Structure formats: structure tokens, C-alpha cells
Amino acid sequence: DTGVSQDPRHKITKRGQNVTFRCDPISEHNRLYWYRQTLGQGPEFLTYFQNEAQLEKSRLLSDRFSAERPKGSFSTLEIQRTEQGDSAMYLCASSVSGGPSEQFFGPGTRLTVL
Amino acid sequence: AQSVTQLDSHVSVSEGTPVLLRCNYSSSYSPSLFWYVQHPNKGLQLLLKYTSAATLVKGINGFEAEFKKSETSFHLTKPSAHMSDAAEYFCVVSDPNSGNTPLVFGKGTRLSVIA
């Protein structure tokens, strides 16, 4: 399968714990995006990378959130000191840069904070 | 700032009847517009996109959408619904001058297809 993959698919954690999610983009894609989707809402943009550079961050990305893409390939999204409001589906997408390129989405990681 | 409004949170149709999912957009520049579909436990899939070429856009699985600047609308249609069309549909707007980043999603319309 050469699509976008995310790991884990589901994560249950207790409030205050740290969690980390991984995204592997389509191999030739140099852009990688993170979105968050809560129940009954559309996905909301969090941040994106072009190669290893983080080019834009949404105001939704609080100080407890950090994303990295150290070698311009896979990316990780870490949430520190999780809160119940962090419960959501975290989606990763990738694309090539330039022009109206399509973003290809992974299946998402569903986070539940108890 | 850009935004989209999906006018119906839930649409129910009978199999074989037409589908209409409504979307209005707001943008201070000429936007790119997309429709994505989300099936349960599957990733979002692009149905079609408008990028300032033809105003009538044809997508996958028999769907199409028409860009109407005067009405700021981008409604999604399909002549005949199939059971497999049951899913969540998202209208999306972006700025082509920023490489279509970020995508701004509507809240979604859940399509039910009744046998």
C-alpha cells in the first residue's frame, strides 16, 4: 500500500499523559499536513511541513502540541499533558508542492482522553 | 478569510434518485474549491476540484459540481444515488495563491441512501 499511513489508529490515554502519533506520507510527497477533526465537525488545519521545515501553524496548535519532520519523511505529532478537550481524530495528509495539488489523507488516529 | 457553509447537516435520498448537497463559500479572492468524501473508518477521498478552469467539474463515481460565482455556490450533484454513496461529504475552500494551504473544511453533510 503506497498511501498515507498513520500509527496508532486508536489511542486511549488518561488526562495529563503525553501521547505521540506518527504519520508516513506518500514517498514522493514533500508536503505533510496535520488536521484535527472533532465529532460532527470538519477537519481543522493544525500545521504543515515542506520537507523538514514547518511553514505554518494554526492558532489551534497550543504550546502543548509539537510537530516534527526531522528528515523530511515521516512526521510525529506530540501532545503533552493531554486534556479531555484533546479527544479527536488526528488526520495526516501529504501532497507535492506547487499548483493546486491534491492532498491525500491517511485514515487518522482517534485519540480518547479519559 | 475563507469559509464554507454546508447548508444541510443530513440529506436522505432513495436509491436511484438524484443527490444534491449544497455548499456556499466565502472568499476574498478567487478560490479553489473541492469536495471530499469520508466513508467510515476510511481516509478522506477527493471527489472533485475546481481551480478556475471549467465551471462545471466532473468527479469520480458520477458526481459533479458547478461553480457559480454570482451565487458563491459550489453544489455537489449526482443523477442517481447508489447505496455505496452513503458517507460524509465535505465542501472545502482554499487559496490557490498559497498553494492551496491550508484547506478550510465545512462541517460536513451526512448522506443516507435508502433502499
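You'll find the structure just up there.
Because the structure is predicted, anything quoted here is derived from the model rather than measured.

A few points about the sheet that holds strand β3 (residues 19-24) of chain A
Residues and elements named next belong to chain A. Reading across from one edge, β1-β3-β8-β7 is the order of the four strands in this open sheet, with antiparallel pairing throughout. This sheet does not close on itself; its edge strands, each paired only once, are β1 (5-7) and β7 (65-68). The mean inter-strand angle of the sheet, taken between neighbouring strand axes irrespective of direction, is 15°. Note: β7 against strand β8 (residues 75-79), four bridges, orientation antiparallel. When the bridges of β8 are listed, S66 appears paired with E78.

Topic: the state of the cysteines
Residue and element names in this part refer to chain B. Under the defined criterion, the tally for this structure stands at two disulfides over all chains. Each sulfur of the disulfide joining C23 and C91 lies 2.0 Å from the other. Between C23 and C91, the disulfide has an S-S torsion of -70° and is therefore left-handed. Highlighted residues: C23 in strand β4 (residues 23-26) and C91 in strand β10 (residues 87-94), separated in sequence by 68 residues. Grouping residues by exposure puts C23 and C91 together as buried.

Quick notes on the pattern of salt bridges
Overall, the coordinates contain six salt bridges over all chains when judged by the stated rule. Where R22 of chain A meets D24 of chain A, a salt bridge forms, and the shortest distance between an N and an O atom there is 2.7 Å. Owing to a relative accessible area of 34%, R22 of chain A belongs among the partly exposed residues under this scheme. Accessibility expressed as a relative area gives 25% for D24 of chain A, which makes it partly exposed. E64 of chain B is the partner of K58 of chain B in a salt bridge, and the nearest nitrogen-oxygen pair spans 2.8 Å. For K58 of chain B, a relative accessible area of 62% translates into the label exposed. Classification of E64 of chain B by relative accessible area gives partly exposed; the value is 24%. Counted as one network, the salt bridges with shared partners bring together R64, E83 and D86 of chain A.

About the criteria used
Residues numbered from 1 in each chain as written. Chains lettered and ligands numbered in written order. Predicted model: local features only at pLDDT ≥ 70, side-chain atom pairs only at ≥ 80, totals over all residues. Heavy atoms only, no water. Pairing = 2+ DSSP bridges. Helix = DSSP H or I, 4+ residues; strand = E, 2+ residues; numbered from the N terminus. Axes fitted to C-alpha atoms, helices over the stretch in contact; angles between N-to-C directions. Disulfide = S-S within 2.5 Å. Buried < 20%, exposed > 50% of the residue type's maximum accessible area, 1.4 Å probe, protein only. Salt bridge = Lys/Arg side-chain N within 4 Å of Asp/Glu carboxyl O.

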